[in-house]
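# Analysis of the macromolecular model
For reference, the chains in residue letters:
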Amino acid sequence: MQKNLVIVESPAKAKTIEKFLGKEYKVMSSYGHICDLKEKEFSINTDTFEPEYEIPANKQKVVNELKAEVKKAEIVWLASDEDREGEAISWHLFTVLGLKPENTRRIVFHEITKNAILSAIENPREIDTNLVYAQQARRVLDRRVGFKLSPVLWRKVKPALSAGRVQSVTVRLIVEREREINRFATESSYRVTAQFTPVNPEDGNSTIGTELSARFKTQEEAKAFLESCKGATFTIDEVNTKPMKKYPAPPFTTSTLQQEAARKLGLSVMQTMRIAQSLYESGYITYMRTDSVNLSSLCLNSCKKVITESIGEKYLKTRQYSTSSKGAQEAHEAIRPTYMENKTIEGTQTEKRLYELIWKRTIASQMADAQVEKTTVNIAISDHKESFIATGEVTLFDGFLRIYRESTDDETSAETKTLPPVHIGEELSTQVITATERFTQHPPRYTEASLVRKLEELGIGRPSTYAPTISTIQQREYVLRGDKPGTERSYTRLTLSDGKIATYEETEKVGAEKSKLMPTDIGIVVNDFLLENFPEIMDYNFTATVEKDFDAIAEGNKQWVEPISTFYSGFDTLVSNTLQAKSERKVGERVLGTDPASGKPVSVKIGRFGPIVQIGTSTDEEKPRFAQMKPGQTLETITLEEALELFSLPRTLGNFEGKEVTIGAGRFGPYIKHNNIYVSLPKSHDPLTVSLEEATELIEGKRKAEAERIIKTYEQEPALQVLNGRFGPYIAYNGKNYKLPKSATPTELTLEECLEIVKQQSEREPAAAKGGRKQTKKKQG
């Protein structure tokens with residue numbers, strides 16, 4: 001009989017653990033959860049809230065293999081991750097495999113090293129049912145929200161939509177930020193800077209860059225100030241020098257790792273978690289889903305050794321951080337390398353870069369503060385209440401900055417300046433004074449990193465949910481991550497040099513953004529609908545309170561059914577009332593005005609294939625006219641003029657080969673029509689500006705593609721063709737496609753050979769269809 005069977009949830013994790021254990025241990029993987037709620041059913045008892053689990057078809061083989069190995073083992077070790085999902089996996093393994101308490105051990109570890117694994121085996125525990133119930137409560141509540149709200153969206157907004165408890169409030173954050181930006185009114189003012197030099201400089205580095213303590217609202221005020229500076233004297237009246245300290249950031253939690261990896265490495269939160277998972281399972285870092293900043297005494301001692309030996313003892317400052325985030329679990333540890341002496345690892349380039357980031361952050365957290373000296377110089381202007389201010393900074397001791405500097409989302413490229421030696425009472429001469437028109441900036445759109453920080457700040461979700469939530473709202477096209485190209489803007493610059501004022505009109509590109517999260521029209525419409533009809537679900541405090549309830553369940557301070565039963569109260573009635581409610585207009589529809597040509601209303605709304613403009617109503621005798629909106633146009637910002645312009649299609653471009661060429665708009669987008677042949681217009685071409693020459697090129701391009709697509713035709717049987725397809729040559733006959741045998745040469749096939757291939761494959765079809773086709777349904781919840 002085999003003595004020990006260890007079950008983990010990942011084959012990569014199993015492979016690493018197997019290296020540390022002897023021949024008496026066999027390590028197998030469950031490949032994640034072996035049980036889940038039924039995919040096509042609600043799967044929750046509405047009286048007791050008990051979930052009805054099933055073993056998915058794709059997990060039956062794994063379960064059978066595990067059951068066979070369990071029979072051979074004396075002891076089964078359940079070694080899934082130590083978080084709530086991991087505990088639930090172990091619980092399902094225990095129940096499905098029919099394990100007995102006396103033969104089962106639950107072990108946990110937050111790093112996959114030999115010492116950690118052996119220590120876990122020496123200190124097993126029982127399955128923590130509180131953690132299991134916390135996971136179950138989340139799953140049941142989220143299934144409830146998804147299964148009940150999604151059909152409401154199908155009926156009221158658009159088919160195939162979905163709603164989720166955490167994803168919906170996340171979309172709300174992005175929608176509200178977009179509206180802040182759309183409402184933002186830019187204001188201009190004049191920022192005044194000046195370059196001074198001491199009358200008697202002590203060294204070569206004598207230029208002092210300064211900024212005026214006040215700004216001016218108008219060009220006239222800025223110009224009047226420059227005029228008054230022509231005969232003014234500039235004297236240093238105050239010099240303040242202050243020693244300052246800069247402190248290292250704590251070691252990484254899940255959210256701070258996601259944020260910093262986005263800023264420094266350009267990774268999405270999902271990419272970061274996938275790479276971190278690989279590093280953990282390979283034994284390179286500790287568990288990557290954590291909200292703790294604690295470091296073990298073993299890590300602290302290792303950091304001490306690395307710093308003193310490779311950098312110097314004066315750079316060492318051992319410290320332990322405490323966690324301030326909501327629901328943090330101090331028993332866990334921060335994300336850190338398992339062996340601090342390993343500065344680099346074997347792996348892909350991205351794995352190496354992420355590991356290096358984690359290593360630097362951990363080492364820096366145990367290093368001395370940076371010592372800097374900040375100097376502020378105040379320069380008085382004769383007969384003025386305003387003054388010029390210069391600031392400079394000198395690093396006296398770099399400390400942790402020698403290894404690592406934390407990034408920020410609003411980081412600027414400005415470098416730290418140093419100032420030349422100056423003295424109170426010293427008179428300065430001006431080189432140039434410049435007044436530049438500057439503009440207030442709208443709030444920044446969220447990046448994935450800044451969104452994670454906001455979710456954590458509001459207490460929405462937990463470390464394990466940030467990445468899947470942000471990924472889901474993009475997959476469902478409620479939000480897209482994209483770039484904004486920016487626009488040209490004019491501004492005025494005034495200079496005073498050699499006693500003369502000059503005015504310059506200049507331009508700059510502003511508003512360019514990269515990898516920012518923006519709501520789609522459908523995301524905005526769904527958000528507004530849910531906010532109006534299900535305000536509690538969309539309330540930030542409600543979502544955060546539910547997370548606290550899950551934490552209380554995990555800690556054994558609350559029964560898992562309590563938050564479920566509280567939520568159930570009145571929810572079904574609200575769903576029913578919303579479904580029965582009638583409205584004059586479609587959800588999200590917005591009336592822009594009246595079409596001057598027909599006198600009919602012009603509106604925008606979500607159509608079956610996306611946002612559309614409509615002239616007229618369904619109750620009119622004439623059918624309404626529709627037009628697809630152009631890329632970049634939105635339901636909220638499109639104007640009546642822009643909407644009417646879309647109806648300038650179809651437009652005639654001219655003639656080609658004696659036939660008229662027109663541009664039209666259909667249900668799938670704009671197209672070119674020529675001689676009753678339709679050619680889709682690529683997104684790179686504007687249907688309102690595309691030329692006859694461009695359209696001709698596209699027509700000829702389609703002809704060429706069609707010619708290359710047809711390999712062979714047969715006069716005796718025109719309905720049969722040998723064609724080139726996406727996956728290789730095939731036969732098309734009477735509306736059906738037939739795969740060619742590997743031995744066939746497409747260009748040499750005779751009609752008889754083609755018909756024989758069709759006959760053989762047609763005869764096989766009824767036999768294949770006897771078992772019926774498996775119906776799939778989109779998963780909800």
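Residues numbered from 1 in each chain as written. Predicted model: local features only at pLDDT ≥ 70, side-chain atom pairs only at ≥ 80, totals over all residues. Heavy atoms only, no water.

It is worth spelling out the overall build of the protein at this point. Of the regular secondary structure elements, the protein holds 20 helices and 28 strands. By sequence separation, contacts in the protein at least 24 residues apart represent 70% of the contacts at least 6 residues apart. Element-wise, carbon and sulfur atoms account for 48% of the exposed surface of the protein, whose accessible area totals about 41,000 Å². Of the charged side chains in the protein, 109 are positive and 110 negative; the average position of the first set lies 5 Å away from that of the second. (Helix = DSSP H or I, 4+ residues; strand = E, 2+ residues; numbered from the N terminus. Contact = heavy atoms within 4.5 Å. Areas by Shrake-Rupley, 256 points an atom, 1.4 Å probe, with all protein chains shown as cover. Lys, Arg positive; Asp, Glu negative; His and termini not counted. Charge placed at Lys NZ, Arg CZ, Asp CG, Glu CD.)

It is worth spelling out the side chain of T104 at this point. Position of T104 among the secondary structure elements: in strand β6 (residues 104–106). Once residues within four sequence positions are removed from consideration, T104 is found in contact with V76, L78, F94 and L99.

Let us look at helix α11 (residues 349–365). An ideal rise of 1.5 Å per residue puts 24 Å on 17 residues; α11 measures up with 25 Å between its terminal C-alpha atoms. Every buried residue of α11 is listed here: E351, L354, Y355, L357, I358, W359, R361, T362, I363, A364 and S365. On its buried face, α11 sits against α8 (254–265), α9 (269–281) and α10 (297–310). (Expected span 1.5 Å × (residues − 1). Buried < 20%, exposed > 50% of the residue type's maximum accessible area, 1.4 Å probe, protein only.)

Within the open sheet, the four strands sit side by side as β2-β1-β5-β6. Their pairing is parallel. Edge strands, defined here as strands with exactly one partner in the open sheet, are β2 (25–29) and β6. Looking at each pair of strands side by side, their axes are set apart by 25° on average, direction ignored. Two elements, strand β5 (residues 73–78) and β6, share three bridges in a ladder whose sense is parallel. Bridge pairing in β6 places W77 opposite R105. In this fold helix α3 (residues 84–96) packs onto β1 (2–8), β5 and β6, with an angle of close to 175° to the strand it touches most, β6. (Pairing = 2+ DSSP bridges. Axes fitted to C-alpha atoms, helices over the stretch in contact; angles between N-to-C directions.)

So, on to the environment of P198. In this fold, P198 is placed in strand β7 (residues 188–198). Filtering out sequence-adjacent residues up to four positions away, P198 remains in contact with S206, E426, E427 and L428.

Confidence in the prediction of the protein, expressed as mean pLDDT, is 90, and 95% of residues score 70 or more. Throughout residues 768–781 the model reports pLDDT below 50, and contacts reaching past four residues in sequence, or to other chains, amount to 17 contacts. (pLDDT = per-residue confidence, 0-100.)

We now examine unusual backbone geometry. Cis rather than trans, the peptide bond between L649 and P650 has omega equal to 0°. Looking at where P650 falls in the secondary structure, it is placed in the loop between α18 (640–645) and β21 (651–656). The phi angle at S515 is positive, at roughly 50°, despite the residue not being glycine. Relative to the helices and strands, S515 is located in strand β16 (residues 513–519). Located in the positive-phi region is N676, a residue other than glycine, with phi close to 65°. For N676, the location among the structural elements is in the loop between β23 (669–674) and β24 (677–680). In this structure N676 comes out as exposed when scored by relative accessible area, which is 61%.

Attention now moves to the state of the cysteines. A disulfide bridge is the covalent bond that connects two cysteines by way of their sulfur atoms. Using the criterion set out here, one finds zero disulfides in the structure. Here C299 is not cross-linked by a disulfide; its sulfur's nearest cysteine counterpart is in C303, at 3.9 Å. (Disulfide = S-S within 2.5 Å.)

Moving on, we get to the pattern of salt bridges. Across all of its chains, the model carries 42 salt bridges by this definition. A salt bridge links E111 to R336; the shortest N-O distance between them is 2.6 Å. Placement of E111 in the loop between β6 and α4 (114–122) and of R336 in the loop between α10 and α11 is noted, with a sequence separation of 225 residues between them. Both residues of the pair, E111 and R336, belong to the buried class. For E508, the salt bridge is made with R489, and the minimal N-O distance between the two is 3.2 Å. (Salt bridge = Lys/Arg side-chain N within 4 Å of Asp/Glu carboxyl O.)

It is worth spelling out the pairing of strand β17 (residues 590–594) at this point. Bridge analysis of β17 against strand β18 (residues 601–607) gives four bridges, and the strand direction is antiparallel. Within the sheet, the bridge partner assigned to R590 lies in β18 and is V604. Linking β17 back to β18 in an antiparallel pair, the connection comprises six residues, with G599 at a positive phi of about 75°.

The terminal C-alpha atoms of α8 lie 16 Å apart, and with twelve residues this matches the ideal 16 Å at 1.5 Å per residue to within 8%. Buried within α8 are the following residues: T254, S255, L257, Q258, Q259, E260, A261 and L265. Elements that come into contact with the buried residues of α8 comprise α9, α11, α12 (448–458) and α13 (466–475). Following α8 by one or two positions, G266 has its phi on the positive side, about 70°.

Moving on, we get to the sheet that holds strand β27 (residues 728–733). If you trace the four strands from one edge of the open sheet to the other, you get β25-β26-β27-β28, paired in antiparallel fashion. Where the open sheet ends on each side, the last strands, each with one partner, are β25 (710–713) and β28 (736–739). Sheet twist, expressed as the mean angle between neighbouring strand axes with direction ignored, is 25°. Note that β25 and strand β26 (residues 720–725) share three bridges and pair antiparallel. Looking at the pairing, K712 lines up with V722 of β26. Running at roughly 55° to β25, helix α19 (residues 692–709) makes contact with β25, β26 and β27 of the sheet.

Time to look at the packing of α8 against α9. In the contact formed by α8 and α9, the axes pass within 9 Å of each other and the chain directions differ by 115°. Pair α8 / α9 crosses with right-handed handedness. Listed contacts from α9 to T254, L257, Q258 and A261 of α8 are V269, T272, M273 and A276. Taken together, the residues that form the contact of α8 with α9 break down as five nonpolar, three polar and no charged. (Left-handed = near helix turned anticlockwise from the far one by under 90°. Nonpolar A, V, L, I, M, F, W, Y, C, P; charged D, E, K, R; others polar.)

Another point: the pairing of β5. Bridge analysis of β1 against β5 gives five bridges, and the strand direction is parallel. By the bridge assignment, I7 is partnered in β5 with L78. In this view, the connection linking β5 to its parallel neighbour β6 by way of α3 has right-handed handedness. (Right-handed = clockwise from strand over helix to strand, strands pointing away.)

So, about the packing of aromatic side chains. Applying the stated criterion across every chain, the model contains 16 aromatic pairs. Between F534 and F571 the ring centres are 6.3 Å apart and the planes differ by 55°, which places this aromatic pair in the tilted class. With F534 in the loop between α14 (521–533) and α15 (540–554) and F571 in helix α17 (residues 571–580), the pair connects residues that are 37 residues apart, well separated along the chain. A single burial state applies to F534 and to F571, both of which are buried. Taken together, F196, F216, F225, F234 and F388 form an aromatic cluster joined through their ring pairs. The aromatic ring of Y404 is capped on one face by K264, whose charged end is 5.0 Å from the ring centroid. Above the ring of Y491, the side-chain terminus of R438 is found at 5.0 Å from the ring centroid. (Phe/Tyr/Trp six-rings, centres within 6.5 Å; stacked < 30°, edge-to-face > 60°. Lys NZ or Arg CZ within 6 Å of the ring centre and 35° of its normal.)

All right, on to the environment of R709 then. When you line up the elements, R709 lands in helix α19. According to the relative accessible area criterion, R709 is partly exposed, its value standing at 31%. Separated by 13 residues in the primary sequence, R709 and V722 place their C-alpha atoms 8.7 Å from one another. Once residues lying within four places of it in the same chain are set aside, the contact partners of R709 are V722, L723, N724 and Y730.

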